[in-house]
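The residues making up each chain are set out below.
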Amino acid sequence: MPLKQEAMAMLDKIPQAIKELQREDASASEDEESIMEKAQIAAKQIEETAEKSQEEPAVQAGVTPVRLVDEPMDVRDYVIRNSPATLVLISQMFSVLLLVFFLLSVGKLYRRKIVRISGPSFRRMRKAARIMNELHHQVRRFLFVMVISALFVGILTWLAFLLLGVEQAALWGVVAGIASGVPYLGPFLVLVGSGVAAFLQFGELNTAVIVALTSLVITSIQGNLLMPWLTSYVSSLNAVAIFIGLLFWGWLWGPVGLIVATPILMIAKSVCDHVVNFRPVGELLGK
């Protein structure tokens, strides 16, 4: 809520950003053309015009010539065309939230049921309880690591953008921190978004690249140094298993699947390590 005004100000700049990017692209392409290329293009256009004037029949009386004009981008029409994908994403997030709510509302019901059906021997029931406790502690530690990483990315992005003079630096810090929880996709979106926002604000491509690279450096430190170092204390998954899990759950659940992929893999590996028939699967998932 405190960042609502900054978010609305950023959204108001999107149409202007599109126009600025189109204008910059047009000017850059003109600067790159040499004199010889311009002369060749002009000669080709003159030749094509002469051929058309010879081939086109005379316009009949009473017939109005038709001229095709490209219409400007309609933001409302663009939103309407992409509304089905947005509705799917919202429905997926809502379904996951409902699932989490129901699981939390039943308390330890399923925990007791799993322990009960693992019987009848007391040894098997105790083993099931030990597995559940291990899963509980692993997920808690992983969520703690995610929070620490998000705070690192958010605070560092806010300070870096503040030093670079980027507007809405606090909002970008919050967005970068939240997006860091979505592997690969989140940092990429922040990289592109911050670069476009910086280009719109400063009007210089070099400054926009510096801002985007700053975001990339921060997320790279978080993804390649901080997260592996912290995750090594709470998980024994190998990088290939994590990447394949991200691909599968991202395909199945979209962005939500990217968030829950690693905890699901951690749960699967813990179960496989404690069940004799599934230990080869646990070995494949481990380091």
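Look up: the structure comes first, before these words.
Analysis parameters
- Residues numbered from 1 in each chain as written.
- Predicted model: local features only at pLDDT ≥ 70, side-chain atom pairs only at ≥ 80, totals over all residues.
- Heavy atoms only, no water.
- Helix = DSSP H or I, 4+ residues; strand = E, 2+ residues; numbered from the N terminus.
- Buried < 20%, exposed > 50% of the residue type's maximum accessible area, 1.4 Å probe, protein only.
- Contact = heavy atoms within 4.5 Å.
- Areas by Shrake-Rupley, 256 points an atom, 1.4 Å probe, with all protein chains shown as cover.
- Axes fitted to C-alpha atoms, helices over the stretch in contact; angles between N-to-C directions.
- Parallel < 35°, antiparallel > 145°, perpendicular 65-115°, else oblique.
- Left-handed = near helix turned anticlockwise from the far one by under 90°.
- Nonpolar A, V, L, I, M, F, W, Y, C, P; charged D, E, K, R; others polar.
- Polar contact = N/O pair within 3.5 Å; in protein donor to acceptor, adjacent residues only side chain to side chain.
- Patch = residues over 30% accessible without salt bridge, like charges linked within 9 Å, V, L, I, M, F, W, Y side chains within 5 Å.
- Salt bridge = Lys/Arg side-chain N within 4 Å of Asp/Glu carboxyl O.
- Lys, Arg positive; Asp, Glu negative; His and termini not counted.
- Charge placed at Lys NZ, Arg CZ, Asp CG, Glu CD.
- Phe/Tyr/Trp six-rings, centres within 6.5 Å; stacked < 30°, edge-to-face > 60°.
- 1 Å grid on protein atoms, 1.4 Å probe; cavity = no way out; pocket = protein on both sides within 12 Å on 5 of 7 lines; lining within 4 Å.
- Points joined across faces, edges and corners; volume = space filled by probe spheres on them.

1. Digging into the overall build of the protein
On a plain count of helices and strands, the protein comes out with 13 helices and zero strands. Across the 287 residues of the protein, 26% fall into the buried class. Counting contacts in the protein only where the partners sit at least 6 residues apart, residues at least 24 apart contribute 63% of the total. Taken as a whole, the protein presents about 20,400 Å² of accessible surface, with 67% of it coming from carbon and sulfur.

2. Structural notes on the packing of helix α11 (residues 239–253) against helix α12 (residues 255–274)
One way to put it is that α11 packs onto α12 with a least axis distance of 7 Å and a crossing angle of 140 degrees. Here α11 lies oblique to α12, going by the angle between them. The way α11 lies across α12 gives a crossing that is right-handed. When α11 is examined against α12, the residues Ala241, Ile242, Gly245, Leu246, Trp249, Gly250 and Trp253 are found in contact with a partner set consisting of Pro255, Val256, Gly257, Leu258, Val260, Ala261, Thr262, Ile264 and Leu265. Here the residues of the contact of α11 with α12 sort into twelve nonpolar, four polar and no charged.

3. Considering the environment of His274
Along the chain, His274 falls in helix α12. His274 sits in the buried class, given a relative accessible area of 16%. The spatial distance from the C-alpha of His274 to the C-alpha of Arg130 is 9.4 Å, given a sequence separation of 144 residues. A polar contact of 3.1 Å, which involves the side chain of His274, links it to the side chain of Glu134.

4. Notes on a positive patch on the surface
On the surface, a cluster of positive charge is made up of Lys108, Arg112, Lys113 and Arg116. Relative to the elements of secondary structure, Lys108 occurs in the loop between α5 (83–105) and α6 (109–117). With a relative accessible area of 57%, Lys108 lands in the exposed category.

5. Quick notes on unusual backbone geometry
Of note, Gln168 is a non-glycine position whose phi angle comes to about 55 degrees, a positive value. Checked against the element boundaries, Gln168 lands in the loop between α7 (122–164) and α8 (169–179). Gln168 sits in the buried class, given a relative accessible area of 16%.

6. Here's the deal with the pattern of salt bridges
When charged atoms on two side chains of opposite charge get close, those side chains can pair. In this structure the tally under the stated criterion is one salt bridge. For Asp273, the salt bridge is made with Lys269, and the minimal N-O distance between the two is 2.7 Å. Taken together, the residues Asp273 and Lys269, both in helix α12 and four residues apart, mark about one turn of the helix.

7. A look at the environment of Glu167
Locating Glu167 in the fold gives a position in the loop between α7 and α8. Along the backbone, Glu167 and Ala197 are 30 residues apart, and their C-alpha atoms lie at a distance of 8.5 Å.

8. Considering the packing of aromatic side chains
Applying the stated rule across the entire model yields four aromatic pairs. Between Phe248 and Trp249, the aromatic rings sit 5.1 Å apart at their centres with planes inclined by 80 degrees, giving edge-to-face as the arrangement. Here a set of aromatic residues connected by ring pairs shows up, and it is made of Phe248, Trp249 and Trp251.

9. Considering a nonpolar patch on the surface
On the surface, Phe144, Val147, Ile148, Leu151, Ile155, Trp158, Leu159 and Leu162 cluster together into a nonpolar patch covering about 750 Å² of accessible area. By the secondary structure assignment, Val147 is in helix α7.

10. Side note on the layout of surface pockets
Put simply, the largest pocket is a space of about 1,800 Å³. Elements with a contribution of two residues or more to the lining of the largest pocket: α5, α6, α7, α8, α9 (185–202) and α12. Among the elements that make up the lining of the largest pocket, the one with the highest residue count is α7 (eleven residues). Its residues assigned to classes, the lining of the largest pocket comprises 32 nonpolar, eight polar and three charged.

11. Let's talk about the environment of Arg141
Residue position: Arg141 is located in helix α7. Taking the C-alpha atoms as reference, Arg141 lies 9.5 Å from Leu230; in sequence the two are 89 residues apart.

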